[in-house]
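Architecture and fold: a report
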Amino acid sequence: MREISSKDNKIVKTAASLSEKKNRDALGLYLIEGPNLVREALQQGISLKFVFTWAGARSEETEEILRLAEKCDSAVYVLSDDCFSRIKQTENPQGIIAVGEEKYCTEEQFFADKDSNILVLDRIQDPGNLGTMLRTAEGCGFKGALLVKGCADPFGPKAVRSSAGCVFRFPLLPCDSPAHGLEILARQRKNVYTADMDGTACYDAALAHNCALVIGNEGNGADQKFKDNSERVSIPQEGNTESLNAALAAGIIMYESLRQRRA
């Protein structure tokens, strides 16, 4: 366990740079903040390049996590207050931050369970929505998320927090475009359903097995290619509300899928 007090230290500068997506993409690294998330990452076997704490935050809980990190061959550092403040992403830091290595699947790994349901996220912009949808998908028995280029970064700080650690274990597969996504889904013989206000009521669609549920952009919905090459499903509504939040809508349809599977 080493100490760092200079904000110009290379390790501190690298960690601080991960607040920007371009740097996360370039380095394949991301920030994990808070004891619960760092512990979960270690327990899930995520490779943590660095683990940071600061002197004023040392507690029995952080000491336990730091010992676990050292057992997992992570480099552990005690930072000065100024250094820790440069890295932290939350207003009230919880005393521990780690730098993890991003993990995406190959197509073969992603579709290992041939009959499973998967989520397809088409240019979801809000990282909080994205993280919430991943967490809900895991809870509903979905086996992964196909991420169309233009989605928020699943390894951004807000998405990691919103997913409650789901990104450490939930399979993620990026694709270049809606057309590329449809090509992959056709190759894997998935039944594609797109959430759309003009679709069939979700409880009348066969969502129990082998389906790919497409959730579109918060403002514009799913790309027309998805709509034209899938069955559209909707959530019946009453009253004057025009639409539901994307994460809420995704959750309703995914839980309908779980209900059908258990019926």
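Residues numbered from 1 in each chain as written. Predicted model: local features only at pLDDT ≥ 70, side-chain atom pairs only at ≥ 80, totals over all residues. Heavy atoms only, no water.

1. A few points about the packing of aromatic side chains
- The final tally for this structure, using the stated rule, is seven aromatic pairs.
- On the numbers, 4.7 Å between centres and 45° between planes, the contact of W54 with F84 is tilted. Of this pair, W54 sits in strand β3 (residues 48-54) while F84 sits in helix α5 (residues 81-87), and the two are 30 residues apart along the sequence. In this pair, the class of W54 matches that of F84, namely buried.
- Consider the rings of F110 and F111, whose centres lie 4.9 Å apart with planes at 80°: the pair is edge-to-face. Each of the two residues, F110 as well as F111, counts as buried.
- Members of the aromatic cluster, each reached through a chain of ring pairs, are Y30, Y104 and F155. (Phe/Tyr/Trp six-rings, centres within 6.5 Å; stacked < 30°, edge-to-face > 60°. Helix = DSSP H or I, 4+ residues; strand = E, 2+ residues; numbered from the N terminus. Buried < 20%, exposed > 50% of the residue type's maximum accessible area, 1.4 Å probe, protein only.)

2. Details of helix α4 (residues 60-71)
- End to end, α4 covers 17 Å across 12 residues, agreeing with the expected 16 Å (1.5 Å per residue, within 8%).
- Where the residues of α4 are buried, they touch α3 (35-43), β3, β4 (75-79) and β5 (96-101).
- A positive backbone phi angle near 65° is found at D73, which sits one or two residues after α4. (Expected span 1.5 Å × (residues − 1). Contact = heavy atoms within 4.5 Å.)

3. Focus on the side chain of S230
- Residue placement: S230 occurs in the loop between α10 (224-228) and β11 (231-234).
- Looking at S230, its side chain comes within polar contact range of the side chain of T194, at 2.7 Å.
- A distance of 2.6 Å separates a polar atom in the side chain of S230 from the backbone oxygen of F226.
- Aside from chain neighbours lying at most four places away, what touches S230 is V192, Y193 and T194. (Polar contact = N/O pair within 3.5 Å; in protein donor to acceptor, adjacent residues only side chain to side chain.)

4. So, unusual backbone geometry
- Even without glycine at this site, D73 takes up a positive phi of about 65°.
- Mapped onto the elements, D73 comes out in the loop between α4 and β4.
- With a phi close to 55°, R189 is a non-glycine residue in the positive phi region.
- Tracing the chain through its elements places R189 in the loop between α9 (178-187) and β9 (191-201).

5. Quick notes on the pairing of β4
- In terms of residue burial, β4 counts as a mostly covered element, since five of its five residues are buried.
- Every second residue of β4 is oriented toward a common face, with A75, Y77 and L79 on one face and V76 and V78 on the other, all of them buried.
- This β-α-β element, β3 to α4 to β4, shows right-handed connectivity. (Right-handed = clockwise from strand over helix to strand, strands pointing away.)

6. With respect to the nonpolar core
- Of all hydrophobic cores here, the largest spans 52 residues; its most connected members are L119 and L121.
- Of all the elements, helix α11 (residues 246-262) adds the most residues to this core, at seven residues.
- Sequence-distant contacts of L119, defined by excluding residues within four places in its chain, comprise M133, A137, F142, G144, A145, L146, L213, I215 and M254. (Core = buried A, V, L, I, M, F, W, Y, C linked by side-chain atoms within 4.5 Å.)

7. Some words on the environment of A195
- Among the secondary structure elements, A195 is positioned in strand β9.
- When the C-alpha positions of A195 and F84 are compared, they lie 42 Å apart, and in sequence the two are 111 residues distant.
- Once residues lying within four places of it in the same chain are set aside, the contact partners of A195 are V214, I215, V233 and I253.

8. Side note on the packing of α3 against α4
- Their axes nearest at 10 Å, the elements α3 and α4 cross at an angle of 25°. Accordingly, the angle class assigned to the pair α3 and α4 is roughly parallel. For the pair α3 and α4, the crossing hand works out as left-handed. The residues of α4 that touch α3, namely those facing P35, N36, V38, R39 and L42, are E61, E64, I65, L68 and A69.
- For the contact of α3 with α4, the residue count by class is six nonpolar, one polar and three charged. (Axes fitted to C-alpha atoms, helices over the stretch in contact; angles between N-to-C directions. Parallel < 35°, antiparallel > 145°, perpendicular 65-115°, else oblique. Left-handed = near helix turned anticlockwise from the far one by under 90°. Nonpolar A, V, L, I, M, F, W, Y, C, P; charged D, E, K, R; others polar.)

9. Here's the deal with the sheet that holds strand β1 (residues 2-4)
- A sheet is described by the order of its strands in space; here five strands give the open sequence β1-β4-β3-β5-β2, paired in mixed fashion. Where the open sheet ends on each side, the last strands, each with one partner, are β1 and β2 (29-33). Strand-to-strand twist of the sheet, defined as the mean angle between neighbouring strand axes without regard to direction, takes the value 25°.
- Taken together, the five bridges between β3 and β4 define a ladder with parallel strand orientation. Counterpart to V51 in the pairing with β4 is V76. (Pairing = 2+ DSSP bridges.)

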